[in-house]
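This is what each chain is made of:
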Amino acid sequence: MKSFSFPPIASDKARILILGTMPGTKSLELNQYYGHNQNNFWKFMFAILKEDFSSDYEARKALVLKNQIAIWDVLQFCERVGSLDSAIKNEIANDFEHFLDLHPNIETILFNGQKAAAFFNKYVHLKKEYQLITLPSTSPANAGITYQSKLDQWSIINTL
């Protein structure tokens, strides 16, 4: 199945960019970043940013924007059956040179999982230095790490 990523959630005030690989099947169906209800991404964001959890997508977007966080995916296109990153083929990366030029306050790029970091390193060549941090995937497929351990690692956001 051919998949296309979403436009970024970002403002010109963003200081942190969080990158996934490519939206999964459920996210594509809902047209929402991290739309699968078993993905912990939004639970982590609300907990780390000390806000009451909301399942409303507009509230979720507002939360990250208010906290100067941008969300995007490394890939703009791929072919994939299902949602696993390991099934990705014929991928094309997003245009980070243009995006980062439009968002000059970004200093840190966080990767939601090893595959996002690997695709980024494979395709993206940055003009300036950024702090690059790979965090454990918030996907339900990443069951080898406990919820609490993932949350603890994602809490680095509070120090950035």
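Quick note: structure is the one above.
Residues numbered from 1 in each chain as written. Predicted model: local features only at pLDDT ≥ 70, side-chain atom pairs only at ≥ 80, totals over all residues. Heavy atoms only, no water.

### Concerning the overall build of the protein chain
Broken down by element type, the protein chain carries 6 helices and 7 strands. Looking at the protein chain residue by residue over its 160 residues, the buried ones come to 45%. Put simply, 64% of the contacts in the protein chain that link residues at least 6 apart link residues at least 24 apart. Within the structure as shown, the protein chain displays about 8300 Å² of accessible surface, and the carbon and sulfur contribution to it stands at 50%. The centroid of the 16 positive side-chain charges in the protein chain is displaced by 4 Å from the centroid of its 16 negative side-chain charges. (Helix = DSSP H or I, 4+ residues; strand = E, 2+ residues; numbered from the N terminus. Buried < 20%, exposed > 50% of the residue type's maximum accessible area, 1.4 Å probe, protein only. Contact = heavy atoms within 4.5 Å. Areas by Shrake-Rupley, 256 points an atom, 1.4 Å probe, with all protein chains shown as cover. Lys, Arg positive; Asp, Glu negative; His and termini not counted. Charge placed at Lys NZ, Arg CZ, Asp CG, Glu CD.)

### Focus on helix α5 (residues 114-123)
The complete set of buried residues in α5 reads Ala116, Ala117, Phe119 and Phe120. Projection of α5 onto a plane perpendicular to its axis shows the buried side chains occupying an angular sector of 165°, all on one side. With respect to the buried face of α5, the exposed residues turned more than 90 degrees away are Gln114, Asn121 and Lys122. (Arc of directions from axis to C-beta.)

### Thoughts on the pairing of strand β4 (residues 75-79)
The pairing of strand β1 (residues 2-4) with β4 spans 3 bridges and is antiparallel. Across the sheet, Lys2 pairs through a bridge with Glu79, a residue of β4. Bridging between β4 and strand β5 (residues 89-93) involves 3 bridges; their strand directions are antiparallel. By the bridge assignment for β5, Leu75 is matched with Ala93. (Pairing = 2+ DSSP bridges.)

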